[in-house]
Amino acid sequence: MSDFSSLLGKLQNAAKEVNKSKQTVGESTQDSGRSRAAKRTKRFHGDRSKISDDNKLPLQNSTRKITKPRDVDDLKVDISFLCIGAQKAGTTWLHNMLRLHPQLSLPSQKELHFFDWYRKRGLDWYSNQFPKCDEDCLLGEITPCYAVLAEDKIAEIKYLFPKSKIIFLARDLIERTWSAILMELRNTVRGMEAGEFTNDHIAQMDKREREKFLREADPSNYDDNYFMERLQHSTHRQRSDYAYFLRRWLRYFPKEQILIINYKDISQRPREMMDEVFSFIGVDGKSENCIKDEQLEMRFNAASEPQLRQQIRPSLRKKMAKYLKPMANDFNTLLGELGYDWKIDDYSSI
Ligand SMILES: Nc1ncnc2c1ncn2[C@@H]1O[C@H](COP(=O)(O)OS(=O)(=O)O)[C@@H](OP(=O)(O)O)[C@H]1O
């Protein structure tokens, strides 16, 4: 046999082994795995395996088969809530408020990015990111990128945490996108990846470096075309299409497990909003027992310098409104279908 055909044979055998281990839920080979999983899940959160037993597939409306994660036996935590976004909609504020509740455990650093970037680190790594807490405490995390996860990732989350509550903060589409593009501009000027650059970096710059940075990251130095081009780039466009990706989540999680919050509530009625969130997650007590008024009023993750948090100019607002209007309308339709009595701006007056 030639070296090439011997190598090919080895690769084919390896592929067969991999395929054998990729048993999908719903296939006859799942039973032994399911009984192991059942023992494990009862340790954390009651009998979550029941969902797959009752429904055959742990899905709402989707017929997609879920590949059982190969490292499922490494999972040592149950996740009671996930905040999936939106990006730039006050998720850092929410992270800090939730951490004040004694019965909730969130990773000290926001945004684990496990299901989008770091899935290869494994469920063991994921399990170790949550601080130890009492038996009755509930675990959760906030990663705004989860909103736009591909369907197979959402299916995996549903398989692992079928009872998890999903929280989504919705902000006006223009304001959200403007905030996101300005953040991207700051990252680009510094040559950093998304999420790496913080206000602390600016504070550490010397005078010359700081002036140069502020000049280059100043949005008034960029024309409308620059921002419209960025908006049409997949990440900003995709993250503004709330209805599109929320419908994907709704294929796996029933609407009773998904809470959509109006970003405006953070400034207009934060206490009522946090009471609603605590009750939705299922923890005892009112926010007044753990969050002070001055904490509710804190602003997190805003650009530190006035030049970097300018209002959007009218000409650009108009162009963005035209582009984002269909997405605002779709989202308002979805809100109506789900029974919410509020809407986001649909730019009918622009
Ligand atoms: N208390 C309060 N009230 C109103 N708005 C607030 C509050 N705290 C944070 N923010 C604003 O939320 C924006 C940051 O959102 P995120 O933390 O979700 O951003 S990120 O996706 O994690 O980067 C960011 O918006 P922009 O300032 O427009 O960029 C913050 O200013």
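Residues numbered from 1 in each chain as written. Predicted model: local features only at pLDDT ≥ 70, side-chain atom pairs only at ≥ 80, totals over all residues. Heavy atoms only, no water.

Q: Report on the pairing of strand β3 (residues 138-142), specifying residues and quantitative values.
A: β3 sits mainly inside the fold: five of its five residues count as buried. Where burial is concerned, the two faces of β3 agree: the one with L138, G140 and I142 and the one with L139 and E141 are both buried. As judged from the four bridges shared by strand β1 (residues 79-83) and β3, these two strands associate in the parallel manner. Within β3, the position partnered with C83 by the bridge is I142. Pairing of strand β2 (residues 104-105) with β3 involves two bridges; the strand directions are parallel. (Buried < 20%, exposed > 50% of the residue type's maximum accessible area, 1.4 Å probe, protein only. Helix = DSSP H or I, 4+ residues; strand = E, 2+ residues; numbered from the N terminus. Pairing = 2+ DSSP bridges.)

Q: Describe the packing of aromatic side chains, listing the residues and the values that go with them.
A: The full count for this structure, using the stated rule, is 20 aromatic pairs. When the centroid spacing of 5.4 Å and the interplanar angle of 70° are considered together, the rings of F115 and Y126 count as edge-to-face. Here Y126 lies in helix α5 (residues 122-127) and F115 lies in the loop between β2 and α5, a separation of 11 residues in the sequence. Taken as a pair, F115 and Y126 share a single burial class, namely buried. A ring pair is formed by Y126 and F161, whose centres lie 6.4 Å apart and whose planes are at 40°; its orientation type is tilted. In this pair, Y126 is assigned in helix α5 and F161 in the loop between α6 (151-160) and β4 (165-170), connecting sequence segments 35 residues apart. (Phe/Tyr/Trp six-rings, centres within 6.5 Å; stacked < 30°, edge-to-face > 60°.)

Q: A description of the site of the ligand should follow, citing residues and the corresponding values.
A: Near the ligand lie 19 residues; those nearest to it are T91, T92, K110, S179 and R299. For the ligand, an oxygen atom lies 3.1 Å from a polar atom in the backbone of G90. Within the side chain of S179, one N or O atom sits 2.7 Å away from an oxygen atom of the ligand. Relative to its free-state accessible area of 650 Å², the ligand is covered by the protein chains to the extent of 90%. (Near = heavy atom within 4 Å. Polar contact = N/O pair within 3.5 Å; in protein donor to acceptor, adjacent residues only side chain to side chain. Areas by Shrake-Rupley, 256 points an atom, 1.4 Å probe, with all protein chains shown as cover.)

Q: Tell me about the sheet that holds β1, and name the residues and values.
A: Across the sheet, five strands lie side by side as β2-β3-β1-β4-β5; this open sheet has parallel pairing. The open sheet has two free edges, formed respectively by β2 and β5 (258-262), since each of these has just one partner strand. Strand contacts of helix α4 (residues 91-98): β1, β2, β3 and β4, with the helix running at about 160° to β3, the strand carrying the most contacts. Docked against the sheet, helix α14 (residues 270-281) engages β1, β2, β3, β4 and β5, running at close to 155° with respect to β4. (Contact = heavy atoms within 4.5 Å. Axes fitted to C-alpha atoms, helices over the stretch in contact; angles between N-to-C directions.)

Q: Lay out the pattern of salt bridges in plain terms, naming residues and giving numbers.
A: Under the criterion given, the structure shown has 19 salt bridges. Across the pair D124 and K76 runs a salt bridge, and its minimum N-O distance is 2.1 Å. Taken together, the residues D124 in helix α5 and K76 in the loop between α3 (49-55) and β1 connect sequence positions 48 residues apart. Owing to a relative accessible area of 33%, D124 belongs among the partly exposed residues under this scheme. (Salt bridge = Lys/Arg side-chain N within 4 Å of Asp/Glu carboxyl O.)

Q: Account for the UniProt feature "active site" (unreviewed entry) in the chain, with residues named and values stated.
A: As recorded in UniProt, the sites labelled "active site" (unreviewed entry) are K88. Along the chain, K88 turns up in the loop between β1 and α4. What K88 contacts, discounting residues up to four positions off in sequence, is R171, R176, S179, A180, M183 and N301. (UniProt positions renumbered as here; feature names shortened; annotations may be inferred.)

Q: Would you mind going over the UniProt feature "binding site: 3'-phosphoadenylyl sulfate" (unreviewed entry) in the chain in detail, with residue names and values included?
A: UniProt feature "binding site: 3'-phosphoadenylyl sulfate" (unreviewed entry): in the numbering of this structure it lies at R171 and S179. Not counting residues up to four positions away in its chain, the partners in contact with R171 are K88, A89, R176, S179, Y242 and Y263. A distance of 2.8 Å separates the side chain of R171 from the backbone oxygen of K88, its partner in a polar contact. Take S179: it is sitting in helix α7 (residues 173-190).

Q: So what about the packing of α4 against α14? Which residues, and what values?
A: At their nearest, the axes of α4 and α14 sit 12 Å apart, and the two run at 70° to each other. On the basis of the axis angle, α4 is roughly perpendicular to α14. Here α4 runs over α14; the crossing is right-handed. Facing W93, L94, M97 and L98 of α4, the residues of α14 in contact are P270, M273, M274, V277, F278 and I281. Class assignment of the residues belonging to the contact of α4 with α14 gives a composition of 10 nonpolar, no polar and no charged. (Parallel < 35°, antiparallel > 145°, perpendicular 65-115°, else oblique. Left-handed = near helix turned anticlockwise from the far one by under 90°. Nonpolar A, V, L, I, M, F, W, Y, C, P; charged D, E, K, R; others polar.)

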